[in-house]
Amino acid sequence: MIGSEMRNKRKKWFSLNLKGSENQKTNACSCGRTPAGCQAGETPKRNDGFEQVFDVKMGRRSAFKKLTASLLTGAGLVNTTCSVTAGKGAKEKAQIGWDELFKGNYKLMTDAEKEATVKRLVRAYQLRTGKTIHMSAKNAESDVLFGYAFNISKCRGYMDCVAACVKENNQDRKSQMQYIRIHEMKDGKGFNFNEADDNYYHEVPAAGHFYMGTQCFHCDNPPCVKVCPVQATWQEPDGLVVIDYDWCIGCRYCMAACPYDGRRFNWSKPEVPEEAVNKNQHYLGNRLRKKGVMEKCTFCIQRSRAGKNPACVDACPTGARVFGNLLDPNSTIRWVLENKKVFRLKEDLGTEPKFWYYTD
Amino acid sequence: MKGKACYTLFFASLLLCACKRGRTKGEKYRTIIDKIQARSKNYHGVSISSDRYITGQTIAVTENSRTFSIPERKSQITSYACTACHTKPLKEMQGKGFKSAHWDIKLQHADSQTMRCTTCHDMTNPDRLKSLTGEPIDFNRSYRLCSQCHAKQFEDWVGGAHGKRGGGWAPPRVSMTCVNCHNPHKPRFESRWPARYNTQKVEESK
């Protein structure tokens, strides 16, 4: 118990403390004992943040590389912070930039560290645009495993879900990124993706066609997670496969590993008009991304962890989309799985998607 | 002898590796269905609720031993109560000298052999609906009327496979009732243009 409290208090990255005494108490302890007495109860030390980068044995060459990189960053920072002309805002920006640059992987952060990074990101946005966003770092609820069902008989190809998803998740308007694809398929040919059209524009539903949607299926055995070389993507306890956009290096291995085309890459800086930005955000969800990182459907983590349905489910006018808690025996999603003839895409791959298709 | 033991050990570990497929850290489920079944055995409910996303009045419904809520209907019908106008028998309200009403309603629901106004509306008491056998049905429970013919859809709706949810996924469950999505006089969904067309995709595929 003491150990976990200690861990919450302990800072894992280096900060310049430009604001004054506020952060002086890093050695202080909540248990009331002397720091030395506290050490006894501490759990084995984990490396996170700054230490993940610097507290490792490294060769001369990589040490030089890292030193150069940090010197460059540091020089910029010192230039701003020590300048007499730079304003208070600029100094704060520099401090936030430094803290953000050397923060750890979100997966390894304690709740306090999660709150801190979210607070920094909110403040940075405020400094940049003058607008206030709400960003959540809400963890997965216990006894929750999210699942999704899609009624192929009911989808009529209106694409209201796609439009709602783009808006909700602050997707790049310039490259017109979209997580969801609705495929128009010919009747009697089954799921023939080679002949399907996912960018039709005519009155729907077209005669002799049916419609089915794909997006990230949040596999229970996700191949994308396995291939990530930096563990920037992982599966949360509630089944959501998420990405830490600040830890992603943009290698796109996950994009290649996904058999469902569920992942998207930011080839350019994502552009969302300021007035169109959805300000209700989650760290792992729809917060604004940068160039060169992966993103994908998170079942609208900012909504689903708050008890709401994902935006696509809410937007669907035909009720073709069912979302819910797979662990709740009385949930509607469970009824669908137990009473309808459900199947999943490429089941033979063993990816165990949590996205089922069914027909009336 | 030692080599044999080594081989056995090797194959055993290979087998173990093969069985590992589908596992996440610390768990031993082969498929997602196994996982769901095992983990929902001790389901204690969730702390989140979708109460604050439920707007408007709702009424509780219990069908097939499943209990949930549907939106209240009567207050949403513009010309309810019907008896505000229907003070006389229908025969006496037709013809010249009366303002025409319900001119905007054209019944497009099955054919005239099967359906006409009075199949669902009660002539003797217009404030309520009636079943095929003449039993009264409240406007708030109109799904009972629909379920007489659409039994399959009704079953799916009660379970949750048909229809749309109000509120969120978290309990309590609020489901839209039939008339929230379907116009009872013209239940078919209209065909229309998609909400979106991706011009960038067209550009890229050139």
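Note that this is a predicted model, so its numbers are computed, not measured.

Undergrad: Whenever I open this one, the confidence of the model for chain B confuses me. Can you help?
TA: Averaged over all residues, the pLDDT of chain B is 88; the fraction at 70 or higher stands at 87%. Two summary scores accompany this predicted model of the complex, namely pTM at 0.82 and ipTM at 0.86.

Undergrad: So what exactly am I meant to see when it comes to helix α12 (residues 332-339) of chain A here?
TA: Since there are 3.6 residues in each turn of an α-helix, residues three or four apart along the chain are aligned in direction. Counting buried residues along α12 of chain A, 6 of its 8 residues qualify, which places the element largely inside the surrounding structure. Along α12 of chain A, the positions that sit buried rather than exposed are T332, I333, R334, W335, V336 and L337 of chain A.

Undergrad: How should I be thinking about helix α7 (residues 160-168) of chain A in this particular structure?
TA: Burial of α7 of chain A is extensive: 7 of the 9 residues sit out of reach of the surface. In the segment just after α7 of chain A, N170 of chain A is the residue with positive phi, at about 50°.

Undergrad: Help me out: how do you make sense of the interface of chain A and chain B in this one?
TA: Note: interface size is frequently given as the accessible area lost on complex formation between the parts. Listed as interface residues are 48 residues of chain A and, on the opposing side, 43 residues of chain B. For the side of chain A that touches chain B, the secondary structure elements donating two or more residues are α7, β10 (321-325) and α12 of chain A. Class assignment of the residues belonging to the side of chain A that touches chain B gives a composition of 19 nonpolar, 18 polar and 11 charged.

Undergrad: Mind showing me how you'd approach the sheet that holds strand β2 (residues 146-151) of chain A here?
TA: By way of backbone hydrogen bonds, the strands of a sheet pair with one another, either parallel or antiparallel. Residue and element names in this part refer to chain A. With mixed pairing, 3 strands are arranged side by side in an open sheet as β10-β2-β11. Looking at strand neighbours, the two that pair on one side only are β10 and β11 (355-358), the edges of this open sheet. Put simply, the sheet's adjacent strands are angled 20° from each other on average, direction ignored. Each of β2, β10 and β11 touches α12; the most contacted strand, β10, lies at about 110° to it.

Undergrad: Would you mind showing me how to read the pairing of strand β4 (residues 209-214) of chain A here?
TA: Working note: regular strand, side chains alternate between the two faces of the sheet. Residue and element names in this part refer to chain A. Most of β4 sits inside the fold, with 5 of its 6 residues counted as buried. One ladder, built from 6 bridges, connects strand β3 (residues 181-186) with β4; its direction is antiparallel. Paired with I182 across the strands is G213, a residue of β4.

Undergrad: What is the right way to look at the confidence of the model for chain A in this model?
TA: Low-pLDDT stretches of the model should not have their predicted coordinates read in fine detail. Predicted confidence across chain A gives a mean pLDDT of 87, with 76% of residues reaching 70 or more. Counting interchain partners and residues more than four positions distant, the pLDDT-below-50 stretch residues 21-42 of chain A has 17 contacts.

Undergrad: Where do I start with the nonpolar core in this structure?
TA: Generally speaking, a soluble globular protein has its nonpolar side chains buried in company with each other. Ranked by size, the top nonpolar core spans 72 residues in total, and within it A149, C161, C165, C312 and V336 of chain A carry the most contacts. The element contributing the most residues to this core is α7 of chain A, with 5 residues. Setting aside its immediate chain neighbours within four residues, A149 of chain A contacts V322, I333, V336, V342, W356 and Y358 of chain A. Counting residues in each nonpolar core, the second largest holds 10 residues, with L129, Y143, L145 and W157 of chain B among its members.

Rules behind the numbers
Residues numbered from 1 in each chain as written. Chains lettered and ligands numbered in written order. Predicted model: local features only at pLDDT ≥ 70, side-chain atom pairs only at ≥ 80, totals over all residues. pLDDT = per-residue confidence, 0-100. Buried ≥ 20, exposed ≤ 12 C-beta atoms within 10 Å, placed from the backbone. Helix = DSSP H or I, 4+ residues; strand = E, 2+ residues; numbered from the N terminus. Contact = placed C-beta atoms within 7 Å. Nonpolar A, V, L, I, M, F, W, Y, C, P; charged D, E, K, R; others polar. Pairing = 2+ DSSP bridges. Axes fitted to C-alpha atoms, helices over the stretch in contact; angles between N-to-C directions. Core = buried A, V, L, I, M, F, W, Y, C linked by C-beta atoms within 7 Å.

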